[in-house]
Amino acid sequence: MRGRGDARSSRALPVSWRPATWHPRLDMGRLSRSRSSTSHRNLPHLLLFFLFVGPFNCLASYSRATELLYSLNEGLPAGVLIGSLAEDLRLVHGAGRQDPQSQPPEHSGAERNPPLSFSLASQGLSGQYVILDNRSGELHTSAQEIDREALCLEGGGGAAWRSSISISSSPSADSCLLLLDVLVLPQEYFRFVKVKIAIRDINDNAPQFPVSEISVWVPENAPVNTRLAIEHPAMDRDTGTNGVQTYRLLDYHRMFTLDVEENENGERTPYLIVMGLLDRETQDQYVSIIIAEDGGSPPLLGSATLTIGISDINDNCPLFTDSQINATVYGNATVGTPIAAVQAVDRDLGNNAQVTYSYSQKVPQVSKDLFHLDENTGVIKLFSKIGGSVLQTHKLTILANGPGCIPAMITALVTIIKVIFRPPEIVPRYIANEIDGIVYLKELEPVKTPIAFFTIRDPEGKYKVNCYLDGEGPFRLSPYKPYSNEYLLETTKPMDYELQQFYEIAVVAWNSEGFHVKKMIKVQLLDDNDNAPIFLQPLVELTIEENNSPNAFLTKLDATDADSGERGQVSYFLGPDAPSYFSLDSVTGVLTVSTQLDREEKEKYKYTVRAVDSGKPPKESVATVAITVLDKNDNSPRFINKDFSFFVPENFPGYGEIGIISVTDADAGQNGWVALSVVNQSDIFVIDTGKGMLRAKVSLDREQQSSYTLWVEAVDGGEPPLSSTTKITILLLDINDNPPLVLFPQSNMSYLLVLPSTLPGSPVTEVYAIDKDTGMNAVIAYSIIGRRGPRPESFRIDPKTGNITLEEALLQTDYGLHRLLVKVSDHGYPEPLHSTVMVNLFVNDTVSNESYIESLLRKEPEINIEEKEPQISIEPTHRKVEPMSCMPTLVALSVISLGSITLVTGMGIYICLRGKRHHREDENLEVQIPLKGKIDLHMRERKPMDISNI
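Residues numbered from 1 in each chain as written. Predicted model: local features only at pLDDT ≥ 70, side-chain atom pairs only at ≥ 80, totals over all residues. Heavy atoms only, no water.

Going by the annotation in an unreviewed UniProt entry, the name recorded for the protein chain is Protocadherin-20, with Neophocaena asiaeorientalis asiaeorientalis given as the source organism. Database annotation for the protein chain, UniProt heading Subcellular location (unreviewed entry): "Cell membrane". Per UniProt, the comment on the protein chain under Function (unreviewed entry) is "Potential calcium-dependent cell-adhesion protein." (UniProt positions renumbered as here; feature names shortened; annotations may be inferred.)

This is how it looks when you write it as structure tokens:
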């Protein structure tokens with residue numbers, strides 16, 4: 001029984017056979033046939049249908065359109081079986097069901113010939129999410145995961161996806177269908193199948209509020225059970241019960257609760273309900289966390305900060321803290337002198353807390369004319385001069401008025417102190433610039449700069465008057481001698497506008513009767529360009545990755561100037577040592593680079609920048625910008641050579657050092673770390689990553705393989721890594737490790753019959769050997785190092801070819817077995833190698849007794865070894881000639897030799913060219929015999945052969 005994961009299949013009749021009232025129904029995620037009761041009710045309609053389509057039964061038979069509906073959960077992994085079209089269309093025999101339009105059972109399933117073929121009519125977006133088996137008709141989920149919310153709710157599915165399509169008896173706004181058109185072939189089984197796959201929602205999305213902070217305002221006089229809708233409800237991309245179901249507060253503050261209302265569209269809105277009496281003046285704000293919870297299992301949560309602000313209403317009136325205040329004023333006080341101030345407090349906010357002051361109607365008009373009350377500030381000032389007949393005590397009733405409130409009341413009792421004597425007089429004469437009582441000084445004025453002269457005197461001339469300076473500041477008031485009542489006001493220290501711009505001092509004079517007079521003096525400093533701009537950082541260290549985008553932002557330089565106005569306006573400029581591709585905005589101080597930086601070309605930049613103010617003359621300061629370009633993996637490893645060649649002697653020991661593969665990477669750090677590996681033939685060769693040393697795991701034999709071609713890959717440590725490859729050629733140098741191998745004679749027991757009639761100089765046989773080495777190691781020389789027989793010196797061997805010839809005519813006494821021990825030696829360096837072979841020559845007319853000869857061969861020969869080496873000239877020998885005594889002779893011989901060589905060379909070329917044609921004809925007559933055949937031609941094992949001059 002096949003598992004189908006969470007996918008559920010359904011079956012449907014062909015469209016052309018459906019009754020008029022037929023419709024698909026979804027039952028537990030499965031579309032099934034109508035029940036038998038439904039079929040009985042629709043029987044009349046079915047009869048009418050057949051009557052109508054009877055004349056067109058050919059068309060109906062040809063139309064084989066069918067609809068199938070499957071359903072599955074979103075987010076399923078690849079390979080989950082959705083359904084089998086072959087079974088659901090009843091194209092295969094199973095479960096006792098058979099499609100009326102399908103073949104009989106004996107031709108169903110795998111027995112169909114030709115077999116069924118299933119294919120998608122078009123490869124649209126739907127085909128990305130399912131895989132259709134062309135032979136079995138099974139539908140499986142693909143590796144592309146299905147996200148219902150992304151495809152349906154956000155309209156990402158294109159034409160292949162439909163939202164709000166009915167998949168049950170009533171339309172559902174939450175349905176999401178994947179549409180496929182499937183063709184069933186070959187033609188005799190042709191079907192056009194419309195497959196609908198309903199995607200079911202799972203709880204894979206948590207509720208989410210559109211904003212992280214939600215504010216709700218509640219008036220402080222809101223009655224209990226007041227309901228306020230919370231804007232910005234949570235949204236959940238899931239649907240149905242997986243959507244938002246309820247809300248709650250993390251802290252209700254014992255003042256609020258939440259309720260959720262659902263409208264006819266199923267949308268849920270949270271409502272805030274007031275559960276207690278609010279008072280903004282007690283607490284004006286409540287902060288809690290609102291939590292939205294969906295109906296999934298387990299449920300998912302979303303949260304936001306809910307701030308409940310309490311809005312003010314006019315529920316408080318102005319109040320005075322005291323019911324009465326007392327104040328005094330001298331009878332000689334000047335007009336405008338502040339006498340007292342009243343203040344009422346209203347706990348409300350804004351317009352609800354506005355307070356105005358006014359006199360009560362009980363206050364006499366005389367008092368109103370003498371004392372002025374500011375209706376906004378509550379300050380009482382002397383409005384006119386105090387006459388001699390004015391009452392000594394005035395009772396002022398003051399009202400504090402608020403909107404919609406009963407006025408609060410306070411009483412101000414003002415007592416006038418009558419003055420009998422006239423106060424002292426202070427007469428200023430300003431030296432510095434003075435406008436409207438304000439003295440203006442430049443901050444760079446020197447110490448002891450005079451400001452003003454003051455004349456202090458008694459109007460009646462009866463009392464002594466003294467004075468002093470009251471207030472903080474770098475000033476002093478000193479008598480100006482020789483005058484007794486003149487005083488000079490001057491500076492005592494340098495002044496700095498950046499530390500303090502304004503001073504307020506007073507010259508106070510008093511007489512012996514205790515009367516005081518105060519003259520206020522205001523000093524305003526004027527700014528000078530005495531400060532240069534100051535960089536917040538004298539050394540600005542920056543980093544930027546290489547291959548940056550053009551006009552990349554580096555930093556924003558910031559310099560401050562303590563001066564004011566234009567003198568404090570700073571402009572920025574690059575220093576003369578800055579490269580041209582750096583730019584600095586003179587106004588904003590933004591530093592940019594206009595081109596791409598390459599760390600491999602230059603890693604560090606260091607230059608100066610200037611900050612200049614707008615003073616006259618301007619002042620400036622300098623900072624240093626240090627930029628470090630960070631590495632990116634933008635360079636592949638690079639081999640120092642395009643390819644490498646190494647010459648290695650054969651039989652090199654395993655894991656010996658063959659050579660170093662040098663590779664570099666212009667990047668730095670991990671990006672510049674390079675790992676080497678052998679791509680091919682890694683079973684023989686290995687490379688050290690750290691040193692790049694190439695080694696062979698085993699000893700190499702040139703005779704088995706003379707050269708190796710490797711590919712070595714270099715991969716850096718960047719992310720993603722970059723790589724490059726190089727070709728390595730290893731050529732094995734030959735060493736003399738193989739002695740000559742004698743191929744003929746094949747055995748020391750072989751023998752050859754030599755006829756006594758053989759003429760001298762005739763070839764008798766040969767010794768044939770090969771050497772697997774190359775070069776001089778493979779040059780073979782032949783020599784006879786031992787002889788035995790009646791007269792074995794009658795035979796000679798050619799040291800180059802190995803041909804054995806008869807030197808002298810054979811005599812009657814030479815009959816018998818001649819044994820020659822032949823040494824086959826190479827010219828290897830430093831030690832030549834050799835092999836030996838016994839050449840047996842039997843001189844006789846016939847071989848009449850082979851057993852006798854074999855007995856002779858089996859006897860150990862007593863042969864004296866000759867140490868004479870074969871004379872093969874490889875290199876010309878050199879004789880040492882006395883340089884001075886033979887010089888004339890040597891010159892003459894050289895000239896003669898040069899002429900002889902030229903003549904001989906010319907003749908040789910002529911002879912060679914002429915004889916080449918004849919030589920080729922002779923070669924055509926020769927038979928190319930393999931080595932084995934060549935050996936058999938001369939002799940066979942233990943078989944004699946006649947050699948004669950015939």
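Resuming the write-up.
What follows covers the packing of aromatic side chains. Under the defined criterion, the tally for this structure stands at 14 aromatic pairs. Summarising the aromatic geometry, the rings of F453 and Y480 are spaced 4.8 Å apart at their centres and angled 75° between planes, so their arrangement reads as edge-to-face. With F453 in strand β30 (residues 450–457) and Y480 in the loop between β32 (475–479) and β33 (486–491), this pair connects stretches of sequence that are 27 residues apart. Pairing F639 with F644 gives two aromatic rings, centres 6.3 Å apart and planes at 75°, and the pair type is edge-to-face. According to the relative accessible area criterion, F639 is buried, its value standing at 8%. Members of the aromatic cluster, joined through ring pairs, are Y581, F582, Y605 and Y607. One cation-aromatic arrangement involves R227 over Y271; the distance from NZ or CZ to the ring centre is 5.2 Å. (Phe/Tyr/Trp six-rings, centres within 6.5 Å; stacked < 30°, edge-to-face > 60°. Helix = DSSP H or I, 4+ residues; strand = E, 2+ residues; numbered from the N terminus. Buried < 20%, exposed > 50% of the residue type's maximum accessible area, 1.4 Å probe, protein only. Lys NZ or Arg CZ within 6 Å of the ring centre and 35° of its normal.)

What follows deals with unusual backbone geometry. Omega for the bond connecting L185 with P186 falls within 30 degrees of zero, at 10°, which places this linkage in the cis form. For P186, the position within the fold is in the loop between β9 (176–185) and β10 (191–200). Along the chain, K616 connects to P617 via a cis peptide bond; the corresponding omega equals -5°. Within the secondary structure layout, P617 lies in the loop between β43 (604–613) and β44 (620–630). Positive phi values are uncommon outside glycine, yet N225 reaches one of about 75°. Along the chain, the position of N225 falls in the loop between β11 (213–219) and β12 (227–229). Among the residues examined, N225 registers a relative accessible area of 54% and is labelled exposed. At H232, a residue that is not glycine, the phi angle is positive and equals roughly 60°. One can find H232 in the loop between β12 and β13 (244–249). The class for H232 is partly exposed, based on a relative accessible area of 37%.

Okay, a nonpolar patch on the surface next. A cluster of nonpolar side chains, contributed by F647, L731 and L733, occupies part of the molecular surface with about 270 Å² of accessible area. Judged by its relative accessible area of 30%, L731 is partly exposed. (Patch = residues over 30% accessible without salt bridge, like charges linked within 9 Å, V, L, I, M, F, W, Y side chains within 5 Å. Areas by Shrake-Rupley, 256 points an atom, 1.4 Å probe, with all protein chains shown as cover. Salt bridge = Lys/Arg side-chain N within 4 Å of Asp/Glu carboxyl O.)

This part is about the nonpolar core. Grouped together as the largest cluster of nonpolar side chains are 30 residues, with contacts concentrated most on Y70, L85, F118, L139, V195 and I197. Of all the secondary-structure elements, those providing two or more residues to this core are β3 (65–73), α4 (85–88), β5 (117–120), β6 (130–132), α5 (148–153), β9 and β10. Leave out the neighbours within four places in its chain, and F118 touches L85, A86, L91, L132, D133, N134, R135, S136, G137, L183 and V184. Counting residues in hydrophobic clusters, the runner-up holds 26 residues, among them A327, L370, L382 and I398. (Core = buried A, V, L, I, M, F, W, Y, C linked by side-chain atoms within 4.5 Å. Contact = heavy atoms within 4.5 Å.)

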